[in-house]
Amino acid sequence: MVTKRIVILGGGTGGTLSANRLRRVYPKEEAEIVVVDQNDDHVYQPGLLFVPFGLAHPEEIVRSRRHQLHNDIEFRQVPVDRVDVGGDCVHLEDGTVLDYDVLVIATGSILVEEETEGLTGPGWMEKVFTFYDVAGAAGLHNALEAFDGGRVVVNVVDMPIKCPVAPLEFCFLADWFFQQVGIREHVELTYVTPLDGAFTKPVASQRLAGLLEEKGVALVTEFNTGEVDGPGGRLVSYDQREVGFDLAVVVPLHGGASYVGRSPGLGDELGFVLVDEHTLQSAAKPNIFAIGDAAGIPTSKAGSVTHFEGEVLVENIRRFLTNEPLDGSFDGHTNCFIETGFGKALLIDFNYDTEPLPGHFPTSVGLPLLKESRLNHLGKLMFQPLYWHSLLPGRDLPGVGSAMPVRGKDIEAAR
Amino acid sequence: MPIANYAGTAVTLNDEGFFEDPSQWTEAMAPEIARAQGVDELTEPHWQVIKFMRTEYTEKGTGPTVRVLGKTSGVSVKELYQLFPKGPAKMAAKIAGIPKPRGCI
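Please read all numbers here as calculations on a predicted model, not as lab measurements.

1. Looking at the overall build of chain B
Secondary structure summary: chain B contains 5 helices and 2 strands in total. Along chain B, helices and strands appear, N-terminal first, in the series β-β-α-α-α-α-α. The C-alpha radius of gyration computed for chain B amounts to 13 Å, which stays within 12% of the reference 13 Å derived for 105 residues, consistent with globular compactness. Based on the C-alpha atoms only, the size of chain B along its principal axes is roughly 35 × 30 × 20 Å. Considering only intrachain contacts with a sequence separation of at least 6, the fraction spanning at least 24 residues in chain B is 54%.

2. Details of the domain arrangement of chain A
Residues and elements named next belong to chain A. For chain A, the assigned domains read domain 1 (4–50 + 62–111 + 255–321), domain 2 (113–252) and domain 3 (334–414). A C-alpha centroid distance of 31 Å is found between domain 1 and domain 2. Taken together, the contact between domain 1 and domain 2 spans 11 residues of the former and 16 residues of the latter. Considered class by class, the residues forming the side of domain 1 that touches domain 2 number 6 nonpolar, 3 polar and 2 charged.

3. Structural notes on helix α3 (residues 166–180) of chain A
All names here are of chain A. Here α3 spans 20 Å end to end across 15 residues, near enough to the 21 Å set by a 1.5 Å rise per residue. All buried positions along α3 are accounted for by Ala166, Pro167, Leu168, Glu169, Phe170, Cys171, Phe172, Ala174, Asp175 and Phe177. Within two residues after α3, glycine 182 carries a phi angle of roughly 80°, on the positive side.

4. Digging into the sheet that holds strand β16 (residues 234–237) of chain A
All names here are of chain A. The strand order across the open sheet built from 3 strands is β15-β16-β17, with neighbouring strands paired in antiparallel fashion. Only two strands of the sheet have a single partner each, and these edge strands are β15 (225–229) and β17 (242–244). With direction set aside, neighbouring strand axes in the sheet form an average angle of 15°. The sheet contact formed by β15 and β16 spans 4 bridges and is antiparallel. From the neighbouring strand, threonine 225 faces β16, where its bridge partner is serine 237.

5. Some points on the nonpolar core
All names here are of chain A. Of all hydrophobic cores here, the largest spans 66 residues; its most connected members are Phe131, Cys171, Ala248, Val249 and Ile348. The element best represented in this core is α3, accounting for 7 residues. With near-sequence residues (within four places) excluded, valine 249 lies in contact with Phe129, Phe131, Leu140, Val152, Val154 and Phe170. Formed by 44 residues, the second largest nonpolar core is a distinct cluster that contains Val35, Val275, Val312 and Leu313.

6. A short note on the interface of chain A and chain B
At the junction of the two partners, chain A supplies 14 residues and chain B supplies 13 residues. Residue composition of the side of chain A that touches chain B, grouped by class: 6 nonpolar, 5 polar and 3 charged.

7. Points about the sheet that holds strand β18 (residues 247–251) of chain A
Residues and elements named next belong to chain A. What the 5 strands build is an open sheet, ordered β11-β18-β12-β13-β14; its pairing is parallel. The outermost strands of the open sheet, each flanked by one partner alone, are β11 (128–129) and β14 (217–220). Relative to strand β13 (residues 187–192), α3 is tilted by about 175°, and along the sheet it contacts β12 (150–156), β13, β14 and β18.

8. Focus: the pairing of β13 of chain A
Residues and elements named next belong to chain A. Among the 6 residues of β13, 5 are classified as buried, and the element is accordingly described as predominantly covered. Between β12 and its parallel partner β13, the chain crosses via α3, and the hand of that crossover is right-handed. Alignment of β13 against β14, held across 4 bridges, turns out to be parallel. Residue pairing for β14: valine 192 is matched across the bridge by valine 220. Read as a crossover between parallel neighbours, the route from β13 over helix α4 (residues 202–214) to β14 is right-handed.

Cut-offs used in this document
Within each chain, residue numbers correspond to sequence positions counted from 1 in written order. Lettering for chains starts from A, numbering for ligands starts from 1, and both go in the order in which the items are written. Two thresholds apply to this predicted model, a pLDDT of at least 70 for residue-level local features and 80 or more for giving and counting side-chain atom pairs, whereas whole-chain, interface and lining totals are computed over all residues. The helix count covers DSSP runs of H or I at least four residues long, the strand count covers runs of E at least two residues long, and both are numbered beginning at the N terminus. A radius of gyration in this sense is built from C-alpha atoms; the matching globule rule multiplies 2.2 Å by the number of residues raised to 0.38. By the convention adopted here, residues are in contact when the distance between their C-beta atoms, placed from the backbone, does not exceed 7 Å. An automatic or database domain assignment is the source of the domain bounds shown. By the convention adopted, Pro, Cys, Tyr, Trp, Phe, Met, Ile, Leu, Val and Ala count as nonpolar, Lys, Arg, Asp and Glu as charged, and the other residues, Gly among them, as polar. The span expected for a helix works out to 1.5 Å for each residue beyond the first. Residues are called buried when their C-beta atom has 20 or more other C-beta atoms within 10 Å, exposed when it has 12 or fewer, and partly exposed otherwise; all C-beta atoms are positioned from the backbone. Think of it this way: DSSP has to see at least two bridges between two strands before they count as a pair. Note on definitions: angles span 0 to 180 degrees between N-to-C directions of axes, and those axes are lines fitted to C-alpha atoms, for helices only across the stretch in contact. Under the definition applied here, buried Ala, Val, Leu, Ile, Met, Phe, Trp, Tyr and Cys residues are grouped into a nonpolar core through C-beta atoms within 7 Å. By the criterion used throughout, a crossover qualifies as right-handed when its path from the first strand across the helix to the second strand runs clockwise, the strands pointing away from the viewer.

Pasting the structure below:
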């Protein structure tokens, strides 16, 4: 058998778990597996939420990308220049050209702060922060430690963003944090979103809006941020509404990795890779697949989605290489813990067809869904070691399958 | 399901006022829909956006979001809000007779 070469761009959640799963499917003589990334810092992204509140430290959530890959997977630390879709090769910035039989795009999404007027202008990293990267989360920690009262706004500029529940969790944790330091009554908390409610899906949106209200967080909806005025302490919407702040926590616009835009045919206007939402195969070329946040499919950009996609992706690469029809079974399954402060969390579980509903996960005796509980908080904490030791190595998590479980859900609640 | 009458033709709308069947739409209906949305006159840039929305819908099965409109229609997001003050993606979709753009999740 001729050795195939599978090139994976991106050594984050999707790239790492795909590489490790593929290594188990193919002995070394059957496939060469190459992972390319521009740096060697694998960030446990769910941990970023906790850094501003001193509940996690930057050094605890970053590990070597290379060390998460099994033996006999080649790691190349070099930025990607572009993909030659028609030529079946990747041009790296150091001039190397990598030919491939199969290409997996797993370069996630990047923050494009500069697309919002004023966001990175005066006040950035002083009174305007994001917690969506390590430096921002660490800077925000210092700012929160020094904060002695005033208006705090949490703003999502526009969708899509990674982990759409994270800004809500930030609000809940901020309420908890300011109570802990004893200044809650001097802090006005406001959540400012472009959506018409607290969240995208109706039942969960209502429940989460209720939680914001319980915790005294004001909600401003349908606010499309056009400008962040740091010195003036104002968010200004395109339709000229204003929300004032003393401290702004902004989730910037997201896009796909910049090389996608330099690779004609590969991605959409925002740089996300166009793939079939059930098979993860590229619309541009059948030997290209995408996984995780890099994929332009109608799921949340979340680690759980990436994890559930992994199984289908690897099976489809195997089928593609043996000319079998692809497996169209990815159902958009998403599973997110939502920290609500005070040692509690909510859990939501949904897919393309079923919105987040009350009930229990994964069966009727499991974790409570859409309901605050200590168990869910413990689940969120337990997930971190599972991430490094089960999910990235490409092992299945016990009791958590790729397809969304229907058992345990209160389907009636949607009607 | 609400029925509206534009340019002398009955069309079916959904509860939010978007066309159920985009093939019922004709250019002659646009000025009337626009007036109901508070846009008294459709200027050339309005039409540029409306036609762009129709093309995008035909090609991709969904209208673009504001951000994508700003990147691809040739009209900046700021100008889009001047043309369609109540939210460009939704208003232009209504006037162009296409379904509400699928928001992201």
